[in-house]
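Descriptive structure summary
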Amino acid sequence: MRLSRIIMALAVGLAVVAVPTAAGAAQPQPAPTVTDTPQPPPYPPELASLIVSRPTINLGETIVLTGRNFGPNETVDIVVSVRPLAAPAANQAPARRSDGTTVAMAPVAYQASAPLRFTARTNAAGEFSRSYKPSVTGLLTFTATGRESGRTATTELRVLDGRQPPPLPVTGDSLGTPMKVGGGLVGAGAVLLLLSLAWRHRQRLGLRSH
C-alpha cells in the first residue's frame, strides 16, 4: 500500500513537469530576421545631350544649341573648335576652261586662331537653349561641360560659304589659248612672206625678159 502511494506520487510529479515542456514546444517560434536582403541596383543617371537646330548652315546664319540632362541651375561651359572642310561646299561655282569644260573649285576654310568659348545657364530641369552665330566656315565641334555636375556632351555643325563667286579661268588653259592664237598668226605671216617673195621674184623675171 505504501509502495503504490510512492509510485502514484512519482507519476503525478512527472506529469506536472511534462505539461509546461509540451506547452512550450507547442508555441510557434518567431521567424528568423533576414538582415542581408539584396537591394536592387540603382538606375544610372541619364547622359547629357547637346543638339543643334540645323546640322549645316551658310556663313552668317544663326543656329540654336539645346542641352538636356545637365545639373539643375548650373553654369555650362561651351567650347567651339574649328576644322577646315574636307569637301567642296555645295552650290560652289566651278571654274571654266577655254574649251568649255569646268573644274570644281574647293572653298577656302578660314581657321580660327583659338577655340571660341561661351557659357549657358540651365533651368531646374537641367536644360538650356543658346543661340549662336558662327563667324568662320568649317566643321565646328561644340563641347558642353557642366561645372557642378561634370556632365559633358558634344555635337557638330558644318558652316559653308554661301556666296557665289564669279567663274574663274584656269591658268594653264588660259595661257594655252593665246599661245595657240599667236602660233596661228606666225604661221599666217610666214605664208604671206613667202607669197610676197614669190611675187617679187616673178616681177624681176618679167622685167629681165623685156
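The shown structure was predicted, so the numbers you read here are calculated from the model rather than taken from an experiment. (Residues numbered from 1 in each chain as written. Predicted model: local features only at pLDDT ≥ 70, side-chain atom pairs only at ≥ 80, totals over all residues. Heavy atoms only, no water.)

Topic: the packing of aromatic side chains
Just so we agree on the cut-off: Note on aromatic contacts: the rings of Phe and Tyr and the six-membered ring of Trp form a pair at centre separations within 6.5 Å, being stacked when their planes are under 30 degrees apart, edge-to-face when over 60 apart, and tilted otherwise. The way it works is that DSSP assigns letters per residue, a run of H or I at least four long becomes a helix, a run of E at least two long becomes a strand, and they are numbered from the N terminus. A simple rule labels every residue: compare its accessible area, found with a 1.4 Å probe on the protein chains alone, to the largest value its type can have, and call it buried under 20%, exposed over 50%, or partly exposed in between.
In the structure shown here, the tally under the stated rule is 3 aromatic pairs. Taken together, a centroid distance of 5.7 Å and an interplanar angle of 55 degrees make the contact between Phe70 and Phe128 tilted. Linking Phe70 in the loop between β3 (63-68) and β4 (75-83) with Phe128 in strand β8 (residues 128-132), this pair joins segments that are 58 residues apart in sequence. The same class applies to Phe70 and to Phe128, which are both buried. Aromatic side chains Phe118 and Tyr132 sit 5.1 Å apart centroid to centroid with 15 degrees between the ring planes, which places their arrangement in the stacked category. Linking Phe118 in strand β7 (residues 116-121) with Tyr132 in strand β8, this pair joins segments that are 14 residues apart in sequence. The pair formed by Phe118 and Tyr132 is uniform in burial state, with each residue classed as buried. Through a chain of ring-to-ring contacts, the aromatic side chains of Phe118, Tyr132 and Phe142 assemble into a single cluster.

Remarks on the sheet that holds β8
Picture the strands of a sheet paired through backbone hydrogen bonds; they go either parallel or antiparallel. Filter applied, for reference: Note on pairing: DSSP must find at least two bridges between two strands before they are called paired. Angles here are taken between N-to-C directions and fall from 0 to 180 degrees, while the axes themselves are lines fitted to C-alpha atoms, restricted in helices to the stretch in contact.
A sheet is described by the order of its strands in space; here 3 strands give the open sequence β1-β3-β8, paired in antiparallel fashion. Every interior strand has two partners, whereas the edge strands, β1 (49-52) and β8, have only one. Taking the axes of each pair of neighbouring strands and ignoring which way they run, one obtains an average angle of 20 degrees across the sheet. Across 5 bridges, β3 lies against β8 in antiparallel orientation. Counterpart to Val64 in the pairing with β8 is Ser131.

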